Structure formats: structure tokens, C-alpha cells
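What follows is each chain in one-letter form.
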Amino acid sequence: VGRSYAIAELSDPQQRALEVLFALGLIFRRKETSSRFYPTTIGAGVAFGSDEKADTGGVSILVQTNFQVVAYTDATQASASLVLNTLGLFCEIKVRLPNVVVGAITRD
């Protein structure tokens, strides 16, 4: 986290995967056309395991500057479903996977 990596050094499949990771909030780019990317704290936690011991109810929520909301859940937590249903009241859910929900905050 905090160190930048060059996109040009990645293969074509890796660059396509990078777009998905960007959409999920696991990496950060200063601009869409930026030649470098940075892993986010959540991205590093997903890739290498998190040392965080706080009880978060099985949900980590990331709100990006483009109003995209990404919620990472622990499917084994019973409270995760309640939190995600409540999240749906505040944003438009775009994608719902077993452990990830992607939505957008809208004016509606």
C-alpha cells in the first residue's frame, strides 16, 4: 500500500484483470488514463489476508470518490445480510456476488 506499479509492465490478461480490480476498489489510479496503479488497503487485505481483529460484523464497506460503493462480506456472518439489505436503501445495487456487493450512490 502506498507504492505505485507500472501498468505497462503487465501482460494483456493482467491489464484486463486490473480493470476488474479497479471496478471493485481493490486498486487505485489517479486518472483513468494513468500509467501507474496503487493497491488499496482493502486490496492488500484481500490479497494477503487482513490482520485486523476488530469485529466489523463481517462487512467492510468502501465508498469511492466516484460515488461507487463496494461492500466486502463474510458470508458466514448472519449480520452481513442485514447490513447489505440496509445498504440497498442508500444506494443502487449494481452487482451482488456471494462475498461482494457493488453499488452506486445516486441523487434518487
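Just above, that's the structure.
Throughout what follows, the structure given in this document is the object of discussion. (Residues numbered from 1 in each chain as written. Predicted model: local features only at pLDDT ≥ 70, side-chain atom pairs only at ≥ 80, totals over all residues. Heavy atoms only, no water.)

## Side note on the side chain of Gln 68
Tracing the backbone through its elements, the reader meets Gln 68 in strand 5 (residues 68–73). Ignoring anything within four residues of it in the chain, the contact list for Gln 68 reads Ala 23, Leu 24, Leu 62, Val 63, Val 102, Gly 103 and Ala 104. (Helix = DSSP H or I, 4+ residues; strand = E, 2+ residues; numbered from the N terminus. Contact = heavy atoms within 4.5 Å.)

## Some points on the nonpolar core
Grouped together as the largest cluster of nonpolar side chains are eight residues: Val 59, Val 69, Ala 71, Ala 80, Leu 84, Leu 87, Cys 91 and Val 101. Listing elements by their share of this core, those giving two or more residues are strand 5 and helix 3 (79–90). Considering every element that reaches this core, the biggest residue donor is helix 3, with three residues. Val 59 has contacts with Ala 71, Tyr 72, Thr 73, Ala 80 and Val 83, leaving out every residue within four places of it along the chain. One finds Leu 24, Leu 26, Val 100 and Val 102 within the second-largest nonpolar core, a separate group that totals six residues. (Core = buried A, V, L, I, M, F, W, Y, C linked by side-chain atoms within 4.5 Å. Buried < 20%, exposed > 50% of the residue type's maximum accessible area, 1.4 Å probe, protein only.)

## Digging into the packing of aromatic side chains
Using the criterion set out here, one finds two aromatic pairs in the structure. Taking 6.2 Å as the distance between ring centres and 45° as the angle between the ring planes, the aromatic pair formed by Phe 28 and Tyr 38 counts as tilted. Note that Phe 28 is positioned in strand 2 (residues 27–28) and Tyr 38 in strand 3 (residues 36–39), a separation of ten residues in sequence. For Tyr 38, a relative accessible area of 19% translates into the label buried. Across from the ring centre of Phe 22, 4.3 Å away, lies the NZ or CZ of Arg 29, which sits over that ring. (Phe/Tyr/Trp six-rings, centres within 6.5 Å; stacked < 30°, edge-to-face > 60°. Lys NZ or Arg CZ within 6 Å of the ring centre and 35° of its normal.)

## A closer look at the sheet that holds strand 5
The strand order 4-5-7-6 describes an open sheet built from four strands, whose pairing is antiparallel. Strands with a single pairing partner mark the edges of an open sheet, and in this sheet they are strand 4 (59–63) and strand 6 (92–96). Within the sheet, the average angular offset between the axes of one strand and its neighbour, ignoring direction, is 20°. (Pairing = 2+ DSSP bridges. Axes fitted to C-alpha atoms, helices over the stretch in contact; angles between N-to-C directions.)

## Topic: a nonpolar patch on the surface
Together, Ile 61, Val 63, Phe 67, Val 83 and Ile 105 line one region of the surface with nonpolar side chains, adding up to about 420 Å² of accessible area. Relative to the elements of secondary structure, Phe 67 occurs in the loop between strand 4 and strand 5. (Patch = residues over 30% accessible without salt bridge, like charges linked within 9 Å, V, L, I, M, F, W, Y side chains within 5 Å. Areas by Shrake-Rupley, 256 points an atom, 1.4 Å probe, with all protein chains shown as cover. Salt bridge = Lys/Arg side-chain N within 4 Å of Asp/Glu carboxyl O.)

## Section: helix 1 (residues 12–23)
Between its first and last C-alpha atoms helix 1 spans 17 Å; for twelve residues at 1.5 Å apiece the expected length is 16 Å, and the two agree. The first or second residue beyond helix 1 is Gly 25, which carries a positive phi of 80°. (Expected span 1.5 Å × (residues − 1).)

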